[in-house]
Amino acid sequence: MSLTRREFLQLLAVASAYGLDAGADEALAAGEAERFYDLSKAAGNVTLMHFTDCHAQLLPIHFREPDVNIGIGDAYGKPPHLVGEALLRHFRVSPKSRLAHAYTHIDFERAAGTFGKVGGFAHLAALVKRVRAQRPGALLLDGGDTWQGSGTALWTRAQDMIDASNLLGVEVMTGHWEFTYGAARVQEVVNKDLAGRIEFVAQNVKTADFGDPVFKAYVMREMNGVPVAIVGQAFPYTPIANPRHFVAEWTFGIQEENLQKTVNEARARGAHAVVLLSHNGMDVDIKLASRVTGIDAILGGHTHDAVPEPLLIRNAAGNTLVTNAGSNGKFLAVLELAVRSGAVRGFRYRLLPIFANLIEPDPDMAALIRKVREPFEAKLAERLAISETLLYRRGNFNGTFDQVILDALMTLKGAEIAFSPGFRWGTTVLPGQAITLEHVMDQTAITYPYVTVNELTGATIKSVLEDICDNLFNPDPYYQQGGDMVRVGGMQFTCDPTQKIGARISGMTLKGKLVEAGKTYKVASWAPVAEGASGEPVWDVVIRYLKERKVIRPPSVNRPRLIGVQGNPGAV
Amino acid sequence: MNKLRRNVLRLAGSAGALSAAAISGLIAGRHAWAANRNEAAFQAKAVADALKNLGAGNLVESRDIVITAPDIAENGAVVPVAVTSRIANTESIAILAEKNPFPLAASFDITPGADAYVSTRIKMGQTSDVRAIVKAGGKYFTAVKEVKVTIGGCG
């Protein structure tokens with residue numbers, strides 16, 4: 001598209017005038033709930049609904065947004081690297097409001113009590129129907145990470161989510177964690193379950209031998225007579241961040257050149273609007289938008305950033321809107337495009353939080369969810385311990401739930417140090433709640449859950465930390481993989497995100513003594529990417545630990561000492 | 001280990017050259033290629049020595065050389081690297097992985113009038129700059145791209 005900065009800001013202002021009721025501190029009255037999801041006057045002739053990274057959460061949940069999401073280099077102080085009050089100020093969201101609870105970690109326990117759970121597919125389905133009633137023909141796009149993240153998804157090899165997605169009426173999707181069920185399962189689902197219903201698109205997945213496309217690069221859809229191309233971008237670093245052996249014959253990557261070719265082809269075939277359904281992560285999308293031309297909007301995911309407004313990124317031939325729509329089923333994004341004379345002239349974007357107590361669940365979806373959960377319900381409901389504290393994961397460094405996992409690994413595996421991956425999924429448990437087996441699966445349900453115990457030298461530990469830290473804080477987004485820092489138990493260290501690889505990690509100590517480069521240490525970890533790895537599933541270790549403890553008191557969270565980022569608006 | 005790696009690197013280089021020859025028919029022939037192989041350059045352990053043996057002094061940075069390689073390698077054992085030279089009269093293209101024990105990974109002679117595009121796979125043990133050296137009109141031009149080799153995990 002080709003919008004001036006001034007036009008862009010005017011459109012944002014108009015959108016916020018039509019925006020969600022942001023002031024309500026307490027639960028809304030019935031009439032107000034109606035208004036909360038009222039889209040009002042159409043802002044265009046093409047409407048795209050977008051959700052992403054729901055991580056198989058079929059039921060409403062709590063999910064605490066990060067209090068640390070540091071931006072380095074050009075990303076300093078800009079969305080998505082704003083947390084807490086800095087985020088509220090930037091997007092003019094009233095503190096203590098319903099929206100403030102949806103977008104930030106602030107005062108999470110109290111606000112979760114006031115506003116209740118979020119997400120859930122029956123509530124999402126009801127909201128999708130409501131948008132379709134107001135915008136007939138609106139398209140529904142799923143950015144991926146839909147098949148993984150819960151016990152039921154793991155145990156049914158994602159069949160629960162595939163059936164729910166079909167019932168929801170998803171039209172186009174792309175993927176990331178989907179691939180961890182293996183290439184054969186993905187192709188089985190795409191060719192059978194999704195055939196004729198959901199298009200799985202990914203311009204950047206090719207066969208490793210001859211570079212043949214594995215999926216369609218894009219699909220054309222028409223809304224109100226406007227041809228719209230939806231191009232797919234799967235997570236470019238799937239074979240690196242997850243075990244490569246699951247997709248041994250496929251190659252991924254960002255593939256800028258092929259993307260440009262795909263966009264040009266879609267335009268040549270008559271697309272009046274081109275949208276990229278992306279699982280790149282927001283920082284990668286921002287860079288991509290500055291380098292590839294002809295994309296009107298990138299609807300993004302992967303980094304789980306709940307960003308209330310799109311960014312406008314300039315490139316050689318115009319500009320591109322870049323969004324990121326949060327995670328865990330908390331949000332449905334609605335992008336309206338005004339397309340006239342073959343080009344996008346305006347837009348309106350809303351990131352609608354799905355508050356379970358404001359939406360009457362869709363009965364058909366609720367019935368499906370009951371059916372798929374029924375065989376597992378008793379197992380999932382098992383109460384393992386009571387938490388006396390808020391348990392969460394999301395954030396650049398250790399969350400409280402990570403700490404419980406690390407403590408379990410060190411205690412039960414007799415290790416002096418533990419590593420737990422910096423995944424961005426995993427639901428939140430409120431103080432006083434029972435930790436159920438379902439909660440443990442929400443934090444651990446992957447197809448390579450093995451716990452391994454290794455003797456590692458201090459030098460190796462340092463290089464592992466440096467390597468992962470560079471995936472997070474490399475100032476060039478194309479080198480970022482979109483996860484958070486590995487969670488470390490037992491060992492203290494100092495981290496300076498502004499340094500280069502090799503110089504970010506220092507001051508490694510264990511029980512007050514410096515970690516020595518040549519000495520070996522016993523390190524427990526889980527989620528090995530190597531082929532043929534084996535071990536006890538991590539959930540069994542955590543379940544055993546919780547049952548032994550019975551009560552989980554606030555753990556001492558082992559975050560690194562941070563230097564170089566004082567005052568960064570991405571940390572509180 | 002070093003010998004094995006060198007053989008692998010040689011294979012990587014020769015496979016690339018042969019496939020380019022087979023696909024495009026642009027290279028004079030297997031015998032000519034074998035005769036022209038610059039053993040000293042391929043056996044050099046330091047980038048400077050490899051460049052010296054290639055005869056590539058006075059390198060000029062050029063934006064007309066495009067290196068297509070992943071930002072992060074999916075598999076360090078087979079990293080796809082392609083080089084396009086838009087410099088007129090390109091005579092040869094060499095590819096170096098600077099931190100490899102034997103940095104020169106491949107070298108291609110381009111016959112006059114051919115498209116100066118080559119594509120191969122190289123082995124990389126660690127994160128490194130990948131450098132392309134283009135000889136054109138008797139001068140040497142260069143471009144560089146970093147390819148990261150990581151331990152993986154944590155997505």
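Residues numbered from 1 in each chain as written. Chains lettered and ligands numbered in written order. Predicted model: local features only at pLDDT ≥ 70, side-chain atom pairs only at ≥ 80, totals over all residues. Heavy atoms only, no water.

Quick word on the overall build of chain A
Next, step 1: On a plain count of helices and strands, chain A comes out with 18 helices and 25 strands.
Next, step 2: For chain A, the C-alpha atoms occupy an extent of roughly 70 × 55 × 50 Å along the three principal directions.
Next, step 3: Here chain A, with 572 residues, has 64% of them falling under the buried criterion.
Next, step 4: Taking the contacts inside chain A whose residues are at least 6 apart along the sequence as the reference set, 78% of them involve residues at least 24 apart.
Next, step 5: Surface exposure of chain A reaches about 19900 Å², of which carbon and sulfur atoms provide 51%. (Helix = DSSP H or I, 4+ residues; strand = E, 2+ residues; numbered from the N terminus. Buried < 20%, exposed > 50% of the residue type's maximum accessible area, 1.4 Å probe, protein only. Contact = heavy atoms within 4.5 Å. Areas by Shrake-Rupley, 256 points an atom, 1.4 Å probe, with all protein chains shown as cover.)

A word on the overall build of chain B
Next, step 1: Along its length, chain B carries four helices and eight strands.
Next, step 2: Going from N to C terminus, chain B has its helices and strands arranged as α-α-α-α-β-β-β-β-β-β-β-β.
Next, step 3: Restricting the contact set of chain B to residue pairs at least 6 apart, pairs at least 24 apart contribute 63%.
Next, step 4: For chain B, the computed accessible surface area is about 7500 Å², with 52% contributed by carbon and sulfur atoms.

Focus on the confidence of the model for chain B
All names here are of chain B.
Next, step 1: Looking at chain B, the pLDDT average stands at 82 and 75% of residues meet or exceed 70.
Next, step 2: Below a pLDDT of 50 lies the segment residues 1–32, which in the model reaches 36 contacts outside its immediate sequence neighbourhood of four places, other chains included.
Next, step 3: The ipTM assigned to the predicted complex is 0.85, against a pTM of 0.92. (pLDDT = per-residue confidence, 0-100.)

Examining the interface of chain B and chain A
Next, step 1: Across the contact, 17 residues belong to chain B and 29 residues belong to chain A.
Next, step 2: When chain B packs against chain A, the two sides together hide about 1900 Å² of surface, and 52% of this comes from carbon and sulfur.
Next, step 3: Run the count over chain B and chain A and you get one salt bridge.
Next, step 4: Residue B:K148 is joined to A:D470 by a salt bridge in which the shortest nitrogen-to-oxygen separation is 2.7 Å.
Next, step 5: Counting the contacts that link chain B with chain A gives seven residue pairs in polar contact (both at pLDDT 80 or more). (Buried area = accessible area lost by both parts, 1.4 Å probe. Salt bridge = Lys/Arg side-chain N within 4 Å of Asp/Glu carboxyl O. Polar contact = N/O pair within 3.5 Å; in protein donor to acceptor, adjacent residues only side chain to side chain.)

Describing helix α18 (residues 538–549) of chain A
Residue and element names in this part refer to chain A.
Next, step 1: Its twelve residues give α18 an end-to-end C-alpha distance of 17 Å, which sits within 8% of 16 Å, the value for a rise of 1.5 Å per residue.
Next, step 2: Considered for burial, the residues of α18 that qualify are V538, W539, V541, V542, I543, Y545 and L546.
Next, step 3: In the segment just after α18, K550 is the residue with positive phi, at about 65°. (Expected span 1.5 Å × (residues − 1).)

A short note on the domain arrangement of chain A
Residue and element names in this part refer to chain A.
Next, step 1: Taken domain by domain, chain A consists of domain 1 (5–61 + 117–370) and domain 2 (381–562).
Next, step 2: The straight-line distance from the C-alpha centre of domain 1 to that of domain 2 is 30 Å.
Next, step 3: The interface of domain 1 with domain 2 comprises 33 residues on the first partner and 24 residues on the second.
Next, step 4: Taken over both partners, the interface formed by domain 1 and domain 2 buries close to 2400 Å², and the fraction arising from carbon and sulfur atoms is 60%.
Next, step 5: Counting across the interface, domain 1 meets domain 2 through two salt bridges.
Next, step 6: Here D305 makes a salt bridge to R394, at a shortest N to O gap of 3.6 Å.
Next, step 7: Inspection of the region where domain 1 meets domain 2 yields eleven residue pairs in polar contact (both at pLDDT 80 or more). (Domains from an automatic or database assignment.)

Examining the sheet that holds strand β25 (residues 561–562) of chain A
Strand-to-strand pairing in sheets goes through backbone hydrogen bonds, with the strands running parallel or antiparallel.
All names here are of chain A.
Next, step 1: One open sheet accounts for four strands, arranged β22-β21-β20-β25; its pairing is mixed. At either end of the open sheet lies a strand with only one pairing partner, and these are β22 (513–514) and β25.
Next, step 2: Here strand β20 (residues 491–495) runs beside strand β21 (residues 505–510); their pairing, made up of four bridges, is antiparallel. Residue pairing across strands places Q492 opposite T509, the latter belonging to β21.
Next, step 3: Packing of helix α17 (residues 458–473) onto the sheet brings it into contact with β20 and β21, and relative to β21 it is tilted by some 135°. (Pairing = 2+ DSSP bridges. Axes fitted to C-alpha atoms, helices over the stretch in contact; angles between N-to-C directions.)

Re the pairing of strand β13 (residues 331–340) of chain A
All names here are of chain A.
Next, step 1: For β13, the tally of buried residues reaches nine of ten residues, placing the bulk of the element in the interior.
Next, step 2: Alignment of β13 against strand β14 (residues 343–353), held across ten bridges, turns out to be antiparallel. Note on β14: the bridge partner recorded for L337 is F347.
Next, step 3: Counted along the chain from β13 to the antiparallel partner β14, the turn is two residues long, and its residue S341 has a positive phi close to 50°.

Let's talk about the sheet that holds strand β2 (residues 65–68) of chain B
Residues and elements named next belong to chain B.
Next, step 1: Strand order in the open sheet made by the three strands is β2-β3-β6, with antiparallel pairing throughout. Of all strands in the sheet, those bounded by a partner on one side alone are β2 and β6 (117–122). Strand-to-strand, the axes of this sheet are offset by a mean angle of 15°, without reference to chain direction.
Next, step 2: Inspection of the sheet shows β2 paired to strand β3 (residues 79–85) by four bridges, in the antiparallel sense. Note that in β3 the partner of T68 across the bridge is A82.

A short note on the packing of aromatic side chains
All names here are of chain A.
Next, step 1: This structure, assessed with the given rule, holds 21 aromatic pairs over all chains.
Next, step 2: Aromatic side chains F179 and F200 sit 6.1 Å apart centroid to centroid with 80° between the ring planes, which places their arrangement in the edge-to-face category. Linking F179 in the loop between β3 (172–173) and α9 (183–193) with F200 in strand β4 (residues 199–200), this pair joins segments that are 21 residues apart in sequence.
Next, step 3: According to the relative accessible area criterion, F179 is buried, its value standing at 0%.
Next, step 4: F200 gets classed as buried once you look at its relative accessible area, which sits at 3%.
Next, step 5: Judged by centre distance (6.1 Å) and plane angle (90°), the ring pair of F179 and W250 falls under edge-to-face. Pair noted here: F179 is in the loop between β3 and α9 and W250 is in strand β8 (residues 250–251), with a separation of 71 residues, a long-range link. (Phe/Tyr/Trp six-rings, centres within 6.5 Å; stacked < 30°, edge-to-face > 60°.)

Notes on the environment of A:Q187
All names here are of chain A.
Next, step 1: With respect to the helices, strands and loops of the structure, Q187 is situated in helix α9.
Next, step 2: Separated by 251 residues in sequence, Q187 and E438 have C-alpha atoms that sit 28 Å apart.
Next, step 3: Apart from the residues lying within four places of it in its own chain, the contact partners of Q187 are V214 and W250.

Examining the pattern of salt bridges
Next, step 1: With the rule as written, the count across this model stands at 35 salt bridges over all chains.
Next, step 2: For A:K547, the salt bridge identified is with A:E382, shortest N-O distance 3.1 Å. Of this pair, A:K547 sits in helix α18 while A:E382 sits in the loop between α14 (377–380) and β15 (383–387), placing them 165 residues apart in sequence.
Next, step 3: Ionic pairing is found between B:R131 and B:E61, a salt bridge with its closest N-O pair at 4.0 Å. Taken as a pair, B:R131 in strand β7 (residues 128–136) and B:E61 in strand β1 (residues 60–61) lie far apart in primary sequence, 70 residues in all.
Next, step 4: Given the relative accessible area of 15%, B:R131 is considered buried.
Next, step 5: Overlapping salt bridges bring together A:R135, A:E336, A:R348 and A:R350 as one network.

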